Amino acid sequence: VASELVGTDGALTVTAANTILNQYAVLSANVAAGATSLSVSNIADLTSPTLGAIAAGDLVLISQAQGATIDQTDTATYGSVTALNGAGRYEIVSVVGVQGNTLTVDSSCGGLQFGYQAAGNTQVVRIPQFTTLTVNAGASIVAPAWDGQRGGIVAIHALTSINLNGAVDVSGRGFRG
């Protein structure tokens, strides 16, 4: 049984362009598959100006951007990926507790599905949980540009509906722009 509080953040209508709804923190230590807790550099980075501090029942996306090994030989295969090492992995988990800079996640499904490396520029993204989401014409949801450690991702959960008259746009803001 997941512990998220689906719809807990109520209904939202986005009326302005370039609205950021997510918060982003940097994973501060490696975590193994099956782990039930993870640490971020600064828990305050996951505090929402409208939703408050991250707490039990919130959802987070864990996403590792880098870490792949490439062929570095002076041959035609230079640059070919030889091992992903977790690069590109992501998953959504429910938070069941917060202590300092550590998030405890729902263990009912065995903890984290994957391991994540801090050196792989892994970020933790807080996902708002709306009942409904409306993006008015001329309005947009965006992410801050990837800064080498975090940003570049929009992740939203809506219980019943999303009415998209505006845009969700991360063009040029993701990993490597």
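As the structure is a computational prediction, the values presented were derived from the model and not from experiment.

A. Representation of the pattern of salt bridges in the model. Under the defined criterion, the tally for this structure stands at two salt bridges. For aspartate 45, the salt bridge is made with arginine 150, and the minimal N-O distance between the two is 2.9 Å. Note that aspartate 45 is positioned in the loop between strand 4 (37–39) and strand 5 (59–64) and arginine 150 in the loop between strand 12 (140–142) and strand 13 (157–164), a separation of 105 residues in sequence. With relative accessibility at 25%, the residue aspartate 45 sits in the partly exposed group.

B. Quick peek at the sheet that holds strand 9 (residues 102–105). The six strands lie next to each other as 3-10-5-8-9-4, forming an open sheet whose pairing is antiparallel. Single-partner strands in this sheet number two, and they are strand 3 (23–26) and strand 4. With direction set aside, neighbouring strand axes in the sheet form an average angle of 40°. For strand 3 and strand 10 (residues 122–127), the ladder comprises four bridges, and the chain directions are antiparallel. Bridged to valine 26 within strand 10 is glutamine 123.

C. Quick peek at unusual backbone geometry. Even without a glycine there, the phi angle at asparagine 18 is positive, about 60°. Relative to the elements of secondary structure, asparagine 18 occurs in the loop between strand 1 (12–14) and strand 2 (19–20). Positioned with a positive phi, asparagine 121 is a non-glycine residue whose angle comes to about 50°. The residue asparagine 121 is located in the loop between strand 9 and strand 10 in this model. In this structure asparagine 121 comes out as buried when scored by relative accessible area, which is 17%.

D. Summary view of the sheet that holds strand 13. Reading across the sheet, the three strands line up as 1-11-13 and stay open at both edges, with parallel pairing between neighbours. This sheet does not close on itself; its edge strands, each paired only once, are strand 1 and strand 13. Strand-to-strand twist in this sheet, taken as the mean axis angle between neighbours without regard to direction, amounts to 15°. Where strand 1 lies against strand 11 (residues 129–135), three bridges are found, and the strand directions are parallel. Note on strand 11: the bridge partner recorded for valine 14 is valine 135.

E. Geometry of the nonpolar core. Membership of the largest hydrophobic core comes to 18 residues, with the highest contact counts inside it found for Leu38, Leu103 and Leu112. Elements with a contribution of two residues or more to this core: strand 5, strand 8 (90–99) and strand 9. Listed in part, the eight residues of the second largest apolar core include Leu59, Val125, Ala143 and Ala155.

F. Layout of a nonpolar patch on the surface. A contiguous nonpolar surface patch, about 400 Å² in accessible area, is contributed by Ile70, Tyr78, Val81 and Leu84. Structurally, the position occupied by leucine 84 is in the loop between strand 7 (81–83) and strand 8.

G. Main features of the environment of proline 144. Along the polypeptide, proline 144 turns up in the loop between strand 12 and strand 13. Here proline 144 falls in the partly exposed class, since its relative accessible area comes to 28%. The spacing of proline 144 and valine 125 is 19 residues in sequence and 12 Å in space, taken between C-alpha atoms. Contact partners of proline 144, with chain neighbours within four places excluded, come to Ile20, Tyr24, Gly151, Gly152 and Arg173.

Rules used in this analysis
- Residues numbered from 1 in each chain as written.
- Predicted model: local features only at pLDDT ≥ 70, side-chain atom pairs only at ≥ 80, totals over all residues.
- Heavy atoms only, no water.
- Salt bridge = Lys/Arg side-chain N within 4 Å of Asp/Glu carboxyl O.
- Helix = DSSP H or I, 4+ residues; strand = E, 2+ residues; numbered from the N terminus.
- Buried < 20%, exposed > 50% of the residue type's maximum accessible area, 1.4 Å probe, protein only.
- Pairing = 2+ DSSP bridges.
- Axes fitted to C-alpha atoms, helices over the stretch in contact; angles between N-to-C directions.
- Core = buried A, V, L, I, M, F, W, Y, C linked by side-chain atoms within 4.5 Å.
- Patch = residues over 30% accessible without salt bridge, like charges linked within 9 Å, V, L, I, M, F, W, Y side chains within 5 Å.
- Areas by Shrake-Rupley, 256 points an atom, 1.4 Å probe, with all protein chains shown as cover.
- Contact = heavy atoms within 4.5 Å.

Limitation: the analysis is restricted to geometry and does not speak to function.
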